[in-house]
Amino acid sequence: MKSDPEPDILEKVIQSLSYAGLSGCRTILVMDYFAVGKPRKRRLCGQLSAGRIAAYEQRTEAVLQKFASGSSNINNIEILRLESWHGFALAVKRALQEVQSSLVCVVQ
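Residues numbered from 1 in each chain as written. Predicted model: local features only at pLDDT ≥ 70, side-chain atom pairs only at ≥ 80, totals over all residues. Heavy atoms only, no water.

> How should I be thinking about the overall build of the protein in this particular structure?
What the protein contains, in helices and strands, is three helices and four strands. Put simply, the protein has 108 residues, and 28% of those count as buried. By element, 53% of the accessible surface of the protein is carried by carbon and sulfur atoms, the whole surface being about 7,600 Å². (Helix = DSSP H or I, 4+ residues; strand = E, 2+ residues; numbered from the N terminus. Buried < 20%, exposed > 50% of the residue type's maximum accessible area, 1.4 Å probe, protein only. Areas by Shrake-Rupley, 256 points an atom, 1.4 Å probe, with all protein chains shown as cover.)

Here's what the structure looks like:
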């Protein structure tokens, strides 16, 4: 993992969906889970050092606070925190279980 979620950047990305006419659409923000462990050369392991996880947790809490407190002008966002590591493809699959629409827009 090269970066943690920055609340202001996430807000800007979600706001940019309005340019495509998607501002009124349901928005699901998926937050993956990471376990403490020795990071491997392969990034697809779901394990990070305790320091990296602490930083990730601080940022995820900041994201939750921003969207839950009403300090953001985005009001149609749902946050899905995964309880085990999924990676991108399985996280998308998990989010798709929450929708019934025939079309979705996935932003990574």
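> Any chance you could explain the nonpolar core here in plain terms?
Across soluble globular proteins, nonpolar side chains have a tendency to be buried as a group. If you look at the biggest cluster of nonpolar residues, it comprises 12 residues: Leu10, Ile14, Leu29, Met31, Phe34, Leu48, Ile53, Tyr56, Val63, Phe67, Ile74 and Ile77. Where this core is concerned, the elements lending two or more residues are α1 (7-16), β1 (27-31) and α2 (50-68). In terms of residue count, the dominant contributor to this core is α2 (four residues). Look past the residues within four positions of Ile14 in its chain and what remains in contact with it is Thr27, Phe67, Ile74 and Ile77. (Core = buried A, V, L, I, M, F, W, Y, C linked by side-chain atoms within 4.5 Å. Contact = heavy atoms within 4.5 Å.)

> Got a minute to help me understand the packing of α1 against α2 in this structure?
The angle between the axes and the distance between the axes are what describe a pair of packed helices. Viewed as axis vectors pointing N to C, α1 and α2 meet at an angle of 50 degrees, and their least axial separation amounts to 9 Å. In terms of orientation, α1 and α2 fall into the oblique class. Viewed along their axes, α1 and α2 form a crossing whose handedness is right-handed. Residues Pro7, Asp8, Leu10, Glu11 and Ile14 of α1 touch α2, and the partners they reach there are Ala62, Val63, Lys66 and Phe67. (Axes fitted to C-alpha atoms, helices over the stretch in contact; angles between N-to-C directions. Parallel < 35°, antiparallel > 145°, perpendicular 65-115°, else oblique. Left-handed = near helix turned anticlockwise from the far one by under 90°.)

> Help me out: how do you make sense of the confidence of the model for the protein in this one?
Any residue range with low pLDDT should be treated as having predicted coordinates unsuitable for detailed reading. Mean pLDDT over the protein stands at 83; residues scoring 70 or higher make up 88%. Per-element mean pLDDT across the protein ranges from 74 in strand β2 (residues 35-36) up to 93 in helix α3 (residues 87-96). (pLDDT = per-residue confidence, 0-100.)

> Looking at this structure, how should I read α1?
All of the buried residues along α1 are Pro7, Leu10, Glu11 and Ile14. Viewed along the axis of α1, the buried residues span an arc of 100 degrees, placing them on a single side of the element. Across α1 from its buried face, at more than 90 degrees, point the exposed residues Ile9 and Lys12. Where α1 is buried, its residues meet β1, α2 and β4 (77-81). (Arc of directions from axis to C-beta.)

> Please explain the pattern of salt bridges as it appears in this structure.
Oppositely charged side chains can pair when the atoms bearing their charge come close. Counted according to the given criterion, the structure contains seven salt bridges. A salt bridge links Glu78 to Arg26; its shortest N-O distance comes to 2.5 Å. With Glu78 in strand β4 and Arg26 in the loop between α1 and β1, this pair connects stretches of sequence that are 52 residues apart. The exposure class assigned to Glu78 is partly exposed, which follows from its relative accessible area of 33%. (Salt bridge = Lys/Arg side-chain N within 4 Å of Asp/Glu carboxyl O.)

> Looking at this model, I keep getting lost on the side chain of Thr27. Mind explaining?
For Thr27, the location among the structural elements is in strand β1. Take Thr27: its relative accessible area is 12%, and that puts it in the buried class. Here Cys25 takes part through its backbone oxygen, which lies 3.4 Å from a polar atom of the side chain of Thr27. Residue contacts for Thr27: discarding those within four places in its chain leaves Ile14, Asn76, Ile77 and Glu78. (Polar contact = N/O pair within 3.5 Å; in protein donor to acceptor, adjacent residues only side chain to side chain.)

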